[in-house]
Amino acid sequence: MKIGFIGLGIMGKPMSKNLIKAGYELIVSDFNKSAVEELVALGAEVGTNPKEIAQKSDIVITMLPNSPNVKAVALGESGLIEGAHEGLIYIDMSSIAPAASQEVYKVLVEQGVEMLDAPVSGGEPKAIDGTISVMVGGKKEIFEQSKEVLEAMAGSVVHVGEIGAGNVTKLANQIIVALNIAAVSEAFVLAQKAGVNPESVFEAIRGGLAGSTVLEAKSPMMLDRNFTPGFRINLHIKDLTNALETSHEVGAPAPLTAAVLEMMYSLKADGHEFNDHSAILKHYEKLANVEVSR
Ligand code: NAD
């Protein structure tokens, strides 16, 4: 089976390497020449554009920043649609607006191309060791046909519904993570200002109901004042913007998401958009004029 892979960034590069490790033949592209060369050194072929990649592949995977990039690669000039052929499956693993996935699918399916939206969670370390979680929307039979390929990059692959459902699930994930980080920040600043060591608070509560994967992952970063990404604030702004757009479309108001998105815009204005999202702490520190430390 030949797989096209477009978008060899922080996530796409290690994911595509895992496909090569699993024995798949790859044809790849990215604007970043050095990422392409790394894959070529491992045996991948270079594709000139999505059209050619689609023509030569059984499955095309994209791992791109946001909806406009996906639309351009799938439907734009020399796009995947121009290389459409019988049996081609397109799997978009980027985190984009669910409505955009549905829009792209509607056009592609007319040309006989099936599509899954399959965003991921786990970040770069899990992309490297092949243990990302994949949440997949699309027809169940297309999911079954593609599962083995997805499993070569992932620790968990779950079918969650029709096309767009993968990205709805990812937005739910991003809301829970963002609000959880904001809650931890609010609590640590309270503790610091009240004269209680936030590290002691962390130790005391981590085994109770307030314990969470977010608390475990982000508290040490906050206490060390290490805001190296991880997951950048600017990417989380993109996800929460998509979450609010979707929540307004379906009529599910998301007041807490809106509040945390505004915090992120304020952090961006202060030059923190390339920090890890645990830097939401800095927003609360500014409000209370205090710095959290061990
Ligand atoms: P990235 O910016 O590192 O990579 C995107 C890549 O796409 C870049 O290398 C860029 O050159 C390439 N690209 C853009 N347009 C292209 C085109 N037309 N043709 C070829 N290449 C093109 O981003 P990333 O961190 O790898 O994230 C990708 C997606 O995964 C995003 O939607 C992000 O929200 C999501 N995601 C990221 C993480 C993370 O921790 N970084 C975790 C989970 C999900």
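Calculation rules
- Residues numbered from 1 in each chain as written.
- Predicted model: local features only at pLDDT ≥ 70, side-chain atom pairs only at ≥ 80, totals over all residues.
- Heavy atoms only, no water.
- Near = heavy atom within 4 Å.
- Polar contact = N/O pair within 3.5 Å; in protein donor to acceptor, adjacent residues only side chain to side chain.
- Areas by Shrake-Rupley, 256 points an atom, 1.4 Å probe, with all protein chains shown as cover.
- Nonpolar A, V, L, I, M, F, W, Y, C, P; charged D, E, K, R; others polar.
- Axes fitted to C-alpha atoms, helices over the stretch in contact; angles between N-to-C directions.
- Helix = DSSP H or I, 4+ residues; strand = E, 2+ residues; numbered from the N terminus.
- Parallel < 35°, antiparallel > 145°, perpendicular 65-115°, else oblique.
- Contact = heavy atoms within 4.5 Å.
- Salt bridge = Lys/Arg side-chain N within 4 Å of Asp/Glu carboxyl O.
- Buried < 20%, exposed > 50% of the residue type's maximum accessible area, 1.4 Å probe, protein only.
- Left-handed = near helix turned anticlockwise from the far one by under 90°.
- Expected span 1.5 Å × (residues − 1).
- Core = buried A, V, L, I, M, F, W, Y, C linked by side-chain atoms within 4.5 Å.

Any chance you could explain the site of the ligand here in plain terms?
In the neighbourhood of the ligand, 22 residues make up the surrounding shell, with Ile10, Met11, Asp30, Pro65 and Lys238 lying closest. One of the backbone N or O atoms of Ile10 is found 2.9 Å from an oxygen atom in the ligand. Asp30 has a polar side-chain atom sitting 2.7 Å from an oxygen atom of the ligand. When isolated, the ligand has an accessible area of 840 Å², and the protein chains bury 86% of it. In the shell around the ligand, the residues fall into 12 nonpolar, seven polar and three charged.

Which parts of the structure should I look at to understand the packing of helix H4 (residues 67-75) against helix H5 (residues 98-110)?
In helix packing, the relevant descriptors are the interaxial angle and the interaxial distance, both defined with respect to the helix axes. For the pair H4 and H5, the least separation of the axes is 10 Å and the interaxial angle reads 5°. Between H4 and H5, the interaxial angle falls into the category roughly parallel. Residue-level inspection shows Ser67, Lys71, Ala74 and Leu75 of H4 in contact with H5, the latter providing Ala100, Glu103, Val104, Val107 and Leu108. In terms of residue class, the contact of H4 with H5 is built from six nonpolar, one polar and two charged.

Teacher, can you tell me more about the pattern of salt bridges here?
When the charged atoms of two side chains lie near each other, side chains of opposite charge can form a pair. Summed over all chains, the structure comprises 19 salt bridges. Among the ionic pairs, Lys56 bridges to Glu45, the shortest N-O distance being 2.9 Å. Of this pair, Lys56 sits in helix H3 (residues 50-56) while Glu45 is found in strand S3 (residues 45-46), placing the two residues 11 residues apart along the sequence. Residue Lys56 is classed as partly exposed on the basis of its relative accessible area, which comes to 36%. Between Arg206 and Glu203 there is a salt bridge whose closest N-O contact spans 3.2 Å. A residue is classified by how much of its surface remains accessible, and Glu203, at 47% relative accessible area, is partly exposed. Taken together, the salt bridges that share partners define one network made up of Lys2, Glu25, Glu45, Glu52 and Lys56.

Explain the packing of helix H8 (residues 165-193) against helix H11 (residues 233-250) to me, please; I cannot follow it from the model alone.
In contact at an axis separation of 9 Å, H8 and H11 are set at 120° when each is read in the N-to-C sense. Crossing handedness for the pair H8 and H11: left-handed. Facing H8, whose interface residues are Leu171, Gln174, Ile175, Val177 and Ala178, H11 presents His236, Asp239, Leu240, Asn242, Ala243 and Thr246. Residue classes in the contact of H8 with H11 are distributed as six nonpolar, four polar and one charged.

Before we go on, may I ask you to explain the environment of Ser101 in this structure?
Here Ser101 lies in helix H5. Along the chain, Ser101 and Met115 lie 14 residues apart, while their C-alpha atoms are 8.8 Å from each other. Ser101 has contacts with Ile96, Met115, Asp117, Ile163, Gly164 and Asn167, leaving out every residue within four places of it along the chain. There is a polar contact of 3.0 Å between the side chain of Ser101 and the side chain of Asn167.

Explain H11 to me, please; I cannot follow it from the model alone.
It helps to recall that an α-helix has 3.6 residues per turn; residues three or four apart then point in one direction. Look at H11: 25 Å from first C-alpha to last across 18 residues, which is about the 26 Å you get at 1.5 Å a residue. Of the surrounding secondary structure, the elements contacted by the buried residues of H11 are H5, H8 and helix H12 (255-269).

Would you take a moment to explain the environment of Leu80 for this structure?
Residue position: Leu80 is located in the loop between H4 and strand S5 (89-92). What makes Leu80 buried here is its relative accessible area of 0%. With residues up to four places along the chain from it excluded, the contact list for Leu80 reads Pro50, Lys51, Ala54, Val60, Val73, Ala74, Leu88, Tyr90, Leu108 and Val113.

How do you make sense of the side chain of Ser67 when you look at a structure like this?
Among the structural elements, Ser67 can be located in helix H4. Of the residues examined, Ser67 reaches a relative accessible area of 9% and is grouped as buried. Not counting residues up to four positions away in its chain, the partners in contact with Ser67 are Ile96, Ala97 and Ala100.

What should I look at first to understand the side chain of Ser185 in this one?
Its location among the elements puts Ser185 in helix H8. According to the relative accessible area criterion, Ser185 is buried, its value standing at 0%. If we ignore the near neighbours within four places in the chain, the residues touching Ser185 are Met222, Ile280, Leu281 and Tyr284.

Looking at this structure, I do not really get the nonpolar core. What am I missing?
Inside soluble globular proteins, nonpolar side chains tend to come together where they are buried. Counting 34 residues, the largest nonpolar core has Phe5, Met15, Ile61 and Met93 as its most contacted members. Of all the elements, helix H7 (residues 140-151) adds the most residues to this core, at four residues. Not counting chain neighbours up to four residues away, the residues in contact with Met15 comprise Phe5, Met63, Met93, Val120, Ala127, Ile132 and Met153. Within the second largest apolar cluster, 29 residues are counted, among which are Val177, Leu223, Leu261 and Ala288.

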